[in-house]
Amino acid sequence: MQSRVSSMEDAKDLFVRTQPRVFPLVILKILLLFLVLGVGFSVFSIYIAQRVGVQDVILRAHSTFQPSMEELNSLDRWIRPPSNLMHTMNDEELLWRASFVPLVKKYPFRRIPKVAFMFLTRGPLPLSPLWEKYFEGHKGFYSIYVHALPSFKSNFTSNSVFYRRQIPSKVSEWGQMNMCDAERRLLANALLDVSNERFILLSESCIPIYPFNITYRYLMRSKHSFIGALDDLGRYGRGRYNLSMAPEVNITQWRKGSQWFEVNRKLALAIIKDTIYYSKFKQFCRPACYVDEHYFPTMLTIESPHLLANRSVTWVDWSRGGPHPATFGRVDVTEPFFRRILDGRSCTYNNHNTSICFLFARKFAPSALEPLIELAPKLLGFG
């Protein structure tokens with residue numbers, strides 16, 4: 001019996017010693033499986049990063065903002081104007097974003113058209129107290145945008161209409177293409193607000209010469225945009241034309257006008273989306289060809305001549321001669337002075353004669369502010 005038991009134990013021991021090492025093989029298979037899965041996941045991640053964009057993946061990974069489904073699906077997200085004008089888009093991104101146009105023309109919400117007041121300035125707005133009085137009581141019917149030197153920081157308080165209305169800016173120089181870039185930048189930022197319908201370019205030396213409600217009705221009811229487009233046959237008109245601009249621009253299409261324009265939304269979009277004429281003017285219209293006097297008038301005359309009133313709504317005085325219009329200070333601002341601007345004028349508005357030809361005037365020095373505020377209630381109708 002003992003011999004039989006011993007024989008059985010020997011057989012069992014022999015069986016165990018002769019079996020393959022199953023346990024290490026299982027571990028090896030599991031490790032190989034994890035290795036294959038890891039390589040596959042890495043390849044898939046690289047593919048996704050290439051499709052979505054590495055930068056977007058990084059931003060999503062570090063972003064703590066999770067928009068609610070209600071906000072993503074809300075119409076208000078598309079019609080609400082930007083709460084902060086200081087975005088991080090470069091000019092190429094900004095112009096692309098601003099060029100979005102709805103193909104359905106009927107608005108599915110109550111849209112109140114607004115006038116975008118775009119101030120192109122080097123820094124301060126010394127006449128801002130007058131503008132504050134002009135805008136008082138008309139909230140919701142206007143928007144304000146300020147393009148200043150990048151180094152300039154405004155100090156308007158939170159109760160001012162100019163508070164946080166400065167846009168991301170770059171240096172702009174008189175007669176250079178970067179001046180037109182600044183104007184396109186202002187238009188593009190203003191176009192981000194779907195309610196802006198009319199766009200007026202102003203300087204820090206401009207003032208309004210009619211109450212806001214008259215200006216608003218005048219612009220909103222106009223069939224045309226107010227930009228000068230004169231075919232000047234002299235040395236300061238066609239004399240600045242460069243033959244290299246053909247065939248995109250022929251000399252018979254060459255126009256000259258004031259830098260201080262007013263356009264509707266359709267023409268504002270035409271200006272910011274242009275790539276055909278921009279490069280030609282940038283390359284071949286350099287001082288003594290002053291591009292800010294020729295680019296927009298020429299381009300819009302070629303593209304949409306029937307929409308132009310061929311005049312400005314900003315009054316200036318060139319009677320003193322020189323390359324710049326007259327500047328007016330404290331002693332100039334009198335009642336007879338304003339009567340000269342406001343009275344005895346005639347122009348065409350919607351193909352009919354009118355005595356209201358100008359809505360704004362320039363150039364006014366900071367010293368003119370005090371008499372302007374004093375005379376505004378009586379002569380300008382506000383304040």
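What you are looking at is a predicted structure, and each value in this text was computed from that prediction instead of being measured.

*Asks:* Whenever I open this one, the state of the cysteines confuses me. Can you help?
*Replies:* Tallied over the entire structure, the rule returns two disulfides. Here C285 connects covalently by a disulfide to C289, the sulfurs 2.0 Å from one another. On the S-S bond that ties C285 to C289, the torsion sits near -80°, and the link is left-handed. For the pair C285 and C289, one class covers both residues: buried.

*Asks:* Would you mind showing me how to read the side chain of K280 here?
*Replies:* Here K280 lies in helix α11 (residues 278–284). The class of K280 is buried, set by a relative accessible area of 16%. Excluding its chain neighbours within four sequence positions, the residues that come into contact with K280 are S244, M245, A246, E248 and C285.

*Asks:* Honestly, the environment of L120 in this entry has me stumped. Any pointers?
*Replies:* For L120, the position within the fold is in strand β1 (residues 114–120). Counting along the chain gives 26 residues from L120 to V146, while the straight-line C-alpha distance between them is 6.2 Å. Excluding anything up to four places from it in sequence, L120 contacts H147, S172, M179, A182, E183, L186, L201, L202, S203, E204, Q259 and W260.

*Asks:* What exactly am I supposed to notice about the packing of helix α7 (residues 128–135) against helix α14 (residues 369–380) here?
*Replies:* For any two helices packed against each other, the geometry is given by the interaxial angle and the distance between the axes. Direction vectors running N to C along α7 and α14 enclose 20°, while the axes themselves pass 9 Å from each other. Relative to α14, α7 is oriented roughly parallel. From α7, P129, L130 and K133 reach across to α14, where they touch L369, L372, I373 and A376. Across the contact of α7 with α14, the residue classes tally to six nonpolar, no polar and one charged.

*Asks:* Just to check I follow, could you spell out the sheet that holds strand β9 (residues 360–361) for this structure?
*Replies:* The strand order across the open sheet formed by three strands is β4-β9-β6, and the pairing between neighbours is mixed. Only two strands of the sheet have a single neighbouring strand rather than two, namely β4 (207–208) and β6 (314–315).

*Asks:* What should I look at first to understand helix α10 (residues 265–273) in this one?
*Replies:* Along an α-helix, a turn takes 3.6 residues, which lines up residues three or four apart on a common side. Counted residue by residue, α10 has seven buried out of nine residues, so it is predominantly covered. Three or more residues of α10 are buried, namely R265, L267, A268, L269, A270, I271 and I272. In the core, the buried residues of α10 are packed alongside α6 (91–98), α8 (177–191), β3 (196–203), β5 (262–264) and α12 (295–303).

So, how was this worked out
- Residues numbered from 1 in each chain as written.
- Predicted model: local features only at pLDDT ≥ 70, side-chain atom pairs only at ≥ 80, totals over all residues.
- Heavy atoms only, no water.
- Disulfide = S-S within 2.5 Å.
- Buried < 20%, exposed > 50% of the residue type's maximum accessible area, 1.4 Å probe, protein only.
- Helix = DSSP H or I, 4+ residues; strand = E, 2+ residues; numbered from the N terminus.
- Contact = heavy atoms within 4.5 Å.
- Axes fitted to C-alpha atoms, helices over the stretch in contact; angles between N-to-C directions.
- Parallel < 35°, antiparallel > 145°, perpendicular 65-115°, else oblique.
- Nonpolar A, V, L, I, M, F, W, Y, C, P; charged D, E, K, R; others polar.
- Pairing = 2+ DSSP bridges.

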